[in-house]
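# Summary of the model geometry
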Amino acid sequence: MKRRRGFTLVEMLVVLMLVGLLVALVFDALAVFRVANERVADRSFQVREAALVRHWFAESVAGLRVVREAPGPGRAGAPAFEGDATGFRGTSLLPLRGGAGVPAGVAWRWEPGRKELSYRQSGGDAVVFPAPEGLSGFAYFDGEGEWHAQWPPRLGTAPALPAAVAWVRETAGGRRLSPVAVLGPREALYSPFQTEQE
């Protein structure tokens, strides 16, 4: 009897089973890669968003100024800047919306227990951002070495603006401050060439 050349049915089935196992392993590896890629993309977005919020916060604090009439509804006669542990409001020359150099009333607010930080600009709706990790409030530096939970401080005389505003964060290593300096003058500027008012 003459033997035929070729594969037997059993050999073909074994080869097909091996190929099927390899395909299943490849698809499983691709699924793991896809999930890991989505996690990395999500974390990258969160880090980028947190960096933007830090930058916007720093700009609006650095641009704080003392103006005679605080912009915004209901602000006539209000202090140039007021803040407590949950947020602050004042006038900045570097608002998020609008042109740089144009005074705008700004307010940053954090509600305890929520992981959100809101920004409101005079004449606009609040913009809500995720709060920095471990945020537990705001603190205000008086320029003489003391941090305060509110501004203006309860006792003594203080300039209209603090020297710095900081996020207070609770971490495993303890309480950490992330301060941003107020770059402008802390008191209203006197101009000898102002027009007289009746």
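Summarised in this report is the structure supplied together with it.

About the cut-offs
- Residues numbered from 1 in each chain as written.
- Predicted model: local features only at pLDDT ≥ 70, side-chain atom pairs only at ≥ 80, totals over all residues.
- Heavy atoms only, no water.
- Helix = DSSP H or I, 4+ residues; strand = E, 2+ residues; numbered from the N terminus.
- Contact = heavy atoms within 4.5 Å.
- Pairing = 2+ DSSP bridges.
- Core = buried A, V, L, I, M, F, W, Y, C linked by side-chain atoms within 4.5 Å.
- Buried < 20%, exposed > 50% of the residue type's maximum accessible area, 1.4 Å probe, protein only.
- Salt bridge = Lys/Arg side-chain N within 4 Å of Asp/Glu carboxyl O.
- Expected span 1.5 Å × (residues − 1).

## What about the environment of Asp125?
Within the element layout of this structure, Asp125 appears in the loop between strand E5 (116-121) and strand E6 (127-130). Setting aside residues no more than four positions away along its own chain, Asp125 makes contact with Arg97, Tyr119 and Arg120.

## Overview of the pairing of E6
The pairing of E5 with E6 spans 4 bridges and is classified as antiparallel. By the bridge assignment, Glu116 is partnered in E6 with Pro130. Taking the residues that link successive antiparallel strands as the turn, the E5-E6 hairpin has 5 residues, and the phi of Gly123 there is positive, at about 80 degrees.

## As for unusual backbone geometry
With omega at -5 degrees, the peptide bond leading from Trp151 into Pro152 counts as cis. Counting through the fold element by element, Pro152 comes out in the loop between strand E8 (147-148) and strand E9 (164-171).

## Concerning the nonpolar core
Inside soluble globular proteins, nonpolar side chains tend to come together where they are buried. Membership of the largest hydrophobic core comes to 22 residues, with the highest contact counts inside it found for Phe57, Phe88, Trp108, Leu117 and Phe138. Counting only elements with at least two residues in this core, the list comes to helix H1 (9-62), strand E4 (104-110), E5, strand E7 (135-141) and E9.

## Observations regarding the pattern of salt bridges
With the rule as written, the count across this model stands at 5 salt bridges. Glu116 is paired through a salt bridge with Arg114; the nearest N and O atoms lie 2.7 Å apart. The class of Glu116 is partly exposed, set by a relative accessible area of 34%. For Arg114, a relative accessible area of 42% corresponds to the partly exposed category. Several salt bridges converge on common partners, so that one network encompasses Glu111, Arg114 and Glu116.

## Notes on H1
Taking 1.5 Å of rise per residue, 54 residues should cover 80 Å, and H1 covers 79 Å from first to last C-alpha, within 8% of that figure. What H1 keeps buried is the set Val53, Phe57, Ser60, Val61 and Ala62.

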